[in-house]
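# A closer look at the structure
Single-letter residue listing:
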Amino acid sequence: MNVQRRLLPNTAALAAFEAVARLGSFTAAARELDLTQGAVSRQINLLEEQFGRRLFDRDSRNVRLSPAGEIYAEAVRSALGQLRDAALGLMSNRHSGVLNLAILPTFGTRWLMPLIPDFVALHPDITINFATRIGRFDFARERLDAAIHHGMPDWPEADCTLLMRETVMPVVSPEFLATRAIVTPADISRLPLLHMATRPGAWSEWFEHQGLEAPTGPGMQFEQFGTVAQACMAGLGVALLPEILIAGELQRSQLVPAPGTPMQSRSAYYLVVPHDKRGHPAVASFRDWLLGQIGKEPAVLAW
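Below, the structure is looked at part by part. The structure presented is a predicted model; accordingly, all values stated were derived computationally and were not measured.

The next thing to look at is the pairing of strand 3 (residues 97-103). Within strand 3, seven of the seven residues are buried, leaving the element largely enclosed by the surrounding structure. By the bridge criterion, seven bridges tie strand 3 to strand 4 (residues 126-132) in an arrangement that is parallel. Bridge pairing in strand 4 places Ile-103 opposite Thr-132.

Counted by the stated rule, this structure contains 15 aromatic pairs. Seen in terms of ring centroids, Phe-107 and Tyr-269 are 4.4 Å apart; in terms of plane orientation they differ by 25°. Their pairing is stacked. Of this pair, Phe-107 sits in helix 6 (residues 105-112) while Tyr-269 sits in strand 11 (residues 263-274), placing them 162 residues apart in sequence. In terms of burial, Phe-107 and Tyr-269 fall into one category: buried. For the ring pair Trp-203 and Phe-207, a centre distance of 5.6 Å and an interplane angle of 35° mean the geometry is tilted. Taken as a pair, Trp-203 and Phe-207 lie in helix 11 (residues 202-209) at a separation of four residues, close to a single helical turn. With a relative accessible area of 5%, Trp-203 lands in the buried category. Grouping aromatic residues by their ring pairs yields a cluster made of Phe-17, Phe-26, Phe-51, Phe-56 and Tyr-72.

With respect to burial, strand 9 (residues 238-242) is a largely interior element, five of its five residues being buried. Residues of strand 9 alternate between two faces, with Val-238, Leu-240 and Pro-242 on one and Ala-239 and Leu-241 on the opposite face, all of them buried. Sheet topology note: the strand 6 (residues 158-172)/strand 9 ladder contains four bridges and is antiparallel. Residue Pro-170 lies in a different strand from strand 9, and its bridge partner there is Leu-240. The pairing of strand 7 (residues 193-196) with strand 9 spans two bridges and is parallel. Bridge pairing in strand 9 links Leu-194 to Ala-239.

All right, on to the pattern of salt bridges then. In total, this model carries 14 salt bridges according to the counting rule given. Across the pair Arg-54 and Asp-57 runs a salt bridge whose closest N-O atoms are separated by 1.8 Å. Its relative accessible area of 48% is what places Arg-54 among the partly exposed residues. Between Lys-277 and Asp-145 there is a salt bridge; the shortest N-O distance is 3.1 Å. Highlighted residues: Lys-277 in the loop between strand 11 and helix 14 (281-294) and Asp-145 in the loop between helix 8 (139-142) and strand 5 (146-151), separated in sequence by 132 residues. Shared partners join several salt bridges into a network, and the residues in it are Glu-18, Arg-22 and Glu-32.

Before going further, it helps to spend a moment on the nonpolar core. Counting residues in hydrophobic clusters, the biggest one holds 39 residues, and the most contacted among them are Leu-101, Leu-112, Leu-241, Leu-271, Phe-286 and Leu-290. A per-element tally of this core places helix 14 first, with six residues. Discounting residues that sit within four places of it in the chain, Leu-290 has contacts with Trp-111, Leu-112, Ile-148, Leu-163 and Leu-271. Membership of the second largest hydrophobic core comes to 21 residues, among which are Leu-14, Ala-29, Leu-65 and Ala-73.

About the criteria used
- Residues numbered from 1 in each chain as written.
- Predicted model: local features only at pLDDT ≥ 70, side-chain atom pairs only at ≥ 80, totals over all residues.
- Heavy atoms only, no water.
- Buried < 20%, exposed > 50% of the residue type's maximum accessible area, 1.4 Å probe, protein only.
- Helix = DSSP H or I, 4+ residues; strand = E, 2+ residues; numbered from the N terminus.
- Pairing = 2+ DSSP bridges.
- Phe/Tyr/Trp six-rings, centres within 6.5 Å; stacked < 30°, edge-to-face > 60°.
- Salt bridge = Lys/Arg side-chain N within 4 Å of Asp/Glu carboxyl O.
- Core = buried A, V, L, I, M, F, W, Y, C linked by side-chain atoms within 4.5 Å.
- Contact = heavy atoms within 4.5 Å.

Next comes the structure, spelled out in structure tokens:
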């Protein structure tokens, strides 16, 4: 067997290996693949003979990945996923292809999604697949082409295109405001503060901006801005929220500004594109369209 063939096992063997690794059972893998247990076992044996390495530790009751199998399983899972995505792209779109985009949950729902029909109308040959991600991740492992990210422009091995800055402001429900004496920003420090888990220093930064010392007491923690907004409307406390994400609530007077000066966050929204996706036609089309929606020229920072 030449080296190239040895390094490229057949996909049937890889599918059997991935199924057993994921399910932890030859029987369950055989059922999923519509094969006999013996056929799955033979495919695994072929792989082990081909590489000269044991991929599974077996006993009378259990089957589990060997240390070498653990490493190989991760790579096989990623490779099979890429093959599936490529096949889906070929079948669903014969021109510009597919864009796999990571979005922030609240920003994606409230700001981006209402605009997406325009992109679809302009680019009917591009299919966008959306995934929700918060914080950094491995583009290759997640099989994603680009991401809308909130933070600093320091994503390794990627271009960060500035989309927009963010202004945050303290808000409360009208009922909450009516039952409490809130006249100055200092009054807010004595009230229940609602915190975003992904922005632990936001309130401290805002109080510093007002020339005040931040309170040290605990407060409710939330993972998404939508949940914080709902908690604030329910009267649970004061929330520090981006104006762009609560425009509707402010217009409907479901939330009202609390005393204090709005503050521009140190972090901002960026379109992040890994270096190996710079030439992806669908990524380029989306980037140009997105900047057109924002109405600004690109400001790209590569890391």
